[in-house]
Amino acid sequence: MNRNFLTLHVADSYAMLKGVSSPTRLDILRLLHAKGPMNVNEISAALSLPQSTVATSVQALEEAELIDTKTVKAKKGHQKICSARYDEIIIRFDDAAELPRDETIEVSMPIGLYTSCDVQTPCGLCSSEGVIGLLDVPNFFLDPNRMQAGLLWFGRGYVEYKFPNNAKILNEEISAVEFSMELSSEVPGTNTNWPSDITLWVNNVDVGTWTSPGDYGDKRGVYTPRWWKLEGSQYGKLKTWTISQNGTFIDGIKISDVKLADLDIDNHHSIRMRIGIAEQAKRPGGINIFGRGFGNYDQDIVMRLYRLNDS
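Looking at an unreviewed UniProt entry, one finds the protein named Putative DNA-binding protein, with uncultured Pleomorphomonas sp as its source organism.

**Student:** Looking at this model, I keep getting lost on the pattern of salt bridges. Mind explaining?
**Tutor:** Considering all chains together, one arrives at 11 salt bridges under this definition. As a salt-bridge pair, R30 and D27 come within 2.4 Å of each other at their nearest N and O atoms. Highlighted residues: R30 and D27, both in helix α2 (residues 23–35), separated by 3 residues, approximately one helical turn. Among the salt bridges present, the one from R292 reaches D300, with a minimum N-O distance of 3.3 Å.

**Student:** Which parts of the structure should I look at to understand the domain arrangement of the protein?
**Tutor:** Much of the literature gives interface size as the accessible area that the parts lose upon coming together. Along its sequence, the protein is carved into domain 1 (5–92) and domain 2 (104–307). Using only C-alpha atoms to locate each centre, domain 1 and domain 2 end up separated by 28 Å. Approximately 560 Å² of surface area, both sides summed, lies buried where domain 1 meets domain 2, with 60% of it carried by carbon and sulfur atoms. Across the domain 1-domain 2 interface, the total number found is 0 salt bridges. Linking domain 1 with domain 2 are 0 residue pairs in polar contact (both at pLDDT 80 or more), by the criterion used here. If you tally residues by element for the side of domain 1 that touches domain 2, the top one is strand β3 (residues 67–73), at 3 residues. Looking at side-chain class alone, the side of domain 1 that touches domain 2 contains 4 nonpolar, 1 polar and 2 charged residues.

**Student:** Just to check I follow, could you spell out the packing of aromatic side chains for this structure?
**Tutor:** Centre distance and the angle of the planes are the two values used to describe a pair of aromatic rings. Evaluated as defined, the whole model comprises 8 aromatic pairs. Ring geometry for W153 and W228: centres 5.8 Å apart, planes at 55°, overall tilted. Here W153 is found in strand β9 (residues 151–164), whereas its partner W228 is found in the loop between β12 (205–212) and β13 (237–244), with 75 residues between them in sequence. For W153, a relative accessible area of 7% translates into the label buried. With centroids separated by 5.6 Å and ring planes inclined at 85°, the aromatic side chains of W227 and W228 adopt a geometry described as edge-to-face. The exposure class of W227 is partly exposed, given its relative accessible area of 36%.

**Student:** Whenever I open this one, the packing of α2 against helix α4 (residues 51–63) confuses me. Can you help?
**Tutor:** Two quantities define a packed helix pair, namely the angle between the axes and the distance from one axis to the other. It is the contact of α2 with α4, at a shortest axis distance of 10 Å, that shows an interaxial angle of 80°. It follows that α2 is roughly perpendicular to α4 by the angle criterion. From α2, T24, R25, I28 and L29 reach across to α4, where they touch T53, V54, S57, A60 and L61. A breakdown of the residues in the contact of α2 with α4 according to their chemical character gives 5 nonpolar, 3 polar and 1 charged.

**Student:** Explain the state of the cysteines here, please?
**Tutor:** What we call a disulfide is simply a covalent bond connecting the sulfur atoms of a pair of cysteines. Summed over all chains, the structure comprises 0 disulfides. With no disulfide of its own, C117 has C123 as its nearest cysteine by sulfur position, at a separation of 9.4 Å. A relative accessible area of 23% places C117 in the partly exposed class. Overall, the relative accessible area of 0% leaves C123 in the buried class.

**Student:** Sorry, what's going on with the pairing of β9 here?
**Tutor:** With 11 of 14 residues buried, β9 is to be regarded as a mostly interior element. Pairing of strand β7 (residues 116–126) with β9, which is carried by 9 bridges, proceeds in the antiparallel orientation. Considered in β9, the bridge of C123 is made with F154. Both β9 and strand β17 (residues 287–290) contribute to a ladder of 4 bridges, which runs antiparallel.

**Student:** Sorry if this is basic, but what is going on with α4 here?
**Tutor:** An α-helical turn contains 3.6 residues, so a residue and the one three or four places further along point in the same direction. With 13 residues, α4 extends 18 Å from end C-alpha to end C-alpha; this agrees with the ideal 18 Å at 1.5 Å per step. Downstream of α4 by one or two residues, E65 has phi in the positive range, about 60°.

**Student:** What is the right way to read the environment of G130 from this model?
**Tutor:** Counting through the fold element by element, G130 comes out in the loop between β7 and β8 (131–132). Judged by relative accessible area, which is 15%, G130 ranks as buried. C-alpha separation for the pair G130 and W228, spaced 98 residues apart in sequence, amounts to 7.9 Å.

Scoring rules and cut-offs
- Residues numbered from 1 in each chain as written.
- Predicted model: local features only at pLDDT ≥ 70, side-chain atom pairs only at ≥ 80, totals over all residues.
- Heavy atoms only, no water.
- Salt bridge = Lys/Arg side-chain N within 4 Å of Asp/Glu carboxyl O.
- Helix = DSSP H or I, 4+ residues; strand = E, 2+ residues; numbered from the N terminus.
- Domains from an automatic or database assignment.
- Buried area = accessible area lost by both parts, 1.4 Å probe.
- Polar contact = N/O pair within 3.5 Å; in protein donor to acceptor, adjacent residues only side chain to side chain.
- Nonpolar A, V, L, I, M, F, W, Y, C, P; charged D, E, K, R; others polar.
- Phe/Tyr/Trp six-rings, centres within 6.5 Å; stacked < 30°, edge-to-face > 60°.
- Buried < 20%, exposed > 50% of the residue type's maximum accessible area, 1.4 Å probe, protein only.
- Axes fitted to C-alpha atoms, helices over the stretch in contact; angles between N-to-C directions.
- Parallel < 35°, antiparallel > 145°, perpendicular 65-115°, else oblique.
- Contact = heavy atoms within 4.5 Å.
- Disulfide = S-S within 2.5 Å.
- Pairing = 2+ DSSP bridges.
- Expected span 1.5 Å × (residues − 1).

Laid out in structure tokens, this is it:
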């Protein structure tokens, strides 16, 4: 399933259309979409292009708002980190006023705003400014300052979030519900070969498990603050669970037969999402959840409700 969409209308999108009018800029967009955030030097090497050409194209894409950039400190001076904003760009020639409404209802949930938790050590929380409470003390997961968290981790257990069921409020029918977040395994220090079975529950229903390959610390996360130790978890993988009328998918690959109807969403004013390590997990390798200010994606936990298309 695609995660981020952009629809360009010919009548009012000349700047963005100009941004995709160059083969070089299209190659850069494809590269960033496939590989994730990269700096100008990395893009230049991957595409075998002069750095000056890449820098000019990056500036054009940035001005067209087709990529996000962030300047971070490097060993010598600063470097610009680039990331793709969209997975799919659609060019429309019809009148925008005649188009149907947005197909999704989206809510972003800061990772510290969980409504219940049950975690075991190793565990901890950090904001972009510093550690929250004491490390490896589960009781600090109840500290009110948890609302500022940009990174949390634990070895066993779960955190649960209560999302508003805006489809019910708007009296809308939906065809799918989707949750997207940046995740990795959790081990003291880091280890790229540390598999962990991470499970998602929706309204108490186990919808499916993703096995994280490891806990990543080979390089600093794009948004991870400089004070955070280099030997600590730096970034994860952006994973998306989609529960539709046809089953449950992770990044478009079907992983279970749990369907939207099994979640009983229509009868509740909230949607409860739990993420963690199941008691029966075969590979209980812990979990890191990266939010804004940490990792490679600088996003909260995102829930999307897909409106039912009656056409």
